[in-house]
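# Structural description and commentary
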Amino acid sequence: MGLITEVALLPLAPVRGSLWVMRQVLTEAERQYYDPAVIRAELARLEEQLTSGEIDQTTFDRIEDELLDRLEGK
């Protein structure tokens, strides 16, 4: 039965392969998005932007909250 099933599903192989690739990309993107080292680097960059005057305190607070939520895994 395994061989017959594989032969029957052969035309769907490209779709199954594409779905697998999309799942792998999504998994890696989520891993990087929630990576504490990446978030801490973004927080440091954000503080530099505030110090240099590139952004105002309101923008800093909003983005900082978003980054801290990511760090907590929300």
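Bear in mind the structure is a predicted one, so any value in this text is a computation, not a measurement.

### With respect to the overall build of the chain
Secondary structure assignment for the chain yields four helices and zero strands. If you list the helices and strands of the chain from N to C, you get α-α-α-α. Its C-alpha radius of gyration of 21 Å places the chain more than 25% over the 11 Å reference for a compact globule of 74 residues. The C-alpha extent of the chain, read off along each of the three principal axes, is 65 × 20 × 15 Å. Every one of the 74 residues in the chain was classed for burial, and the buried ones make up 9%. Charged side chains in the chain number 8 positive and 15 negative. The centres of these two groups are separated by 9 Å.

### Description of a nonpolar patch on the surface
A surface patch of nonpolar side chains, about 430 Å² in accessible area, is lined by Leu9, Leu12, Val15, Leu19 and Met22. Taking relative accessible area as the criterion, Leu19 reaches 38% and is therefore assigned partly exposed.

### Focus on the nonpolar core
Counting residues in each nonpolar core, the largest one holds six residues, listed as Ile39, Leu43, Leu46, Ile55, Phe60 and Leu67. Mapped onto this core, the elements with two or more residues apiece are helix 3 (36-52) and helix 4 (57-72). Sort the elements by how many residues they give to this core and helix 3 lands first, with three residues.

### Things to note about the packing of aromatic side chains
Centre distance and the angle of the planes are the two values used to describe a pair of aromatic rings. Here the structure, examined in full by the defined rule, presents one aromatic pair. Measuring from ring centre to ring centre gives 4.9 Å for Tyr33 and Tyr34, while their planes differ by 90°; the resulting arrangement is edge-to-face. The class for Tyr34 is partly exposed, based on a relative accessible area of 34%.

### Side note on the pattern of salt bridges
By the definition in use, this model includes three salt bridges. The salt bridge involving Arg31 is made with Glu28; its shortest N-O contact spans 2.5 Å. Residue Arg31 and its partner Glu28 are both found in helix 2 (residues 13-33); the two are separated by three residues, about one turn of the helix. Judged by its relative accessible area of 47%, Arg31 falls in the partly exposed class.

The rules behind each value
- Residues numbered from 1 in each chain as written.
- Predicted model: local features only at pLDDT ≥ 70, side-chain atom pairs only at ≥ 80, totals over all residues.
- Heavy atoms only, no water.
- Helix = DSSP H or I, 4+ residues; strand = E, 2+ residues; numbered from the N terminus.
- Rg over C-alpha atoms; globule rule 2.2 N^0.38 Å.
- Buried < 20%, exposed > 50% of the residue type's maximum accessible area, 1.4 Å probe, protein only.
- Lys, Arg positive; Asp, Glu negative; His and termini not counted.
- Charge placed at Lys NZ, Arg CZ, Asp CG, Glu CD.
- Patch = residues over 30% accessible without salt bridge, like charges linked within 9 Å, V, L, I, M, F, W, Y side chains within 5 Å.
- Areas by Shrake-Rupley, 256 points an atom, 1.4 Å probe, with all protein chains shown as cover.
- Salt bridge = Lys/Arg side-chain N within 4 Å of Asp/Glu carboxyl O.
- Core = buried A, V, L, I, M, F, W, Y, C linked by side-chain atoms within 4.5 Å.
- Phe/Tyr/Trp six-rings, centres within 6.5 Å; stacked < 30°, edge-to-face > 60°.

These values are about where atoms sit, not about what they do.
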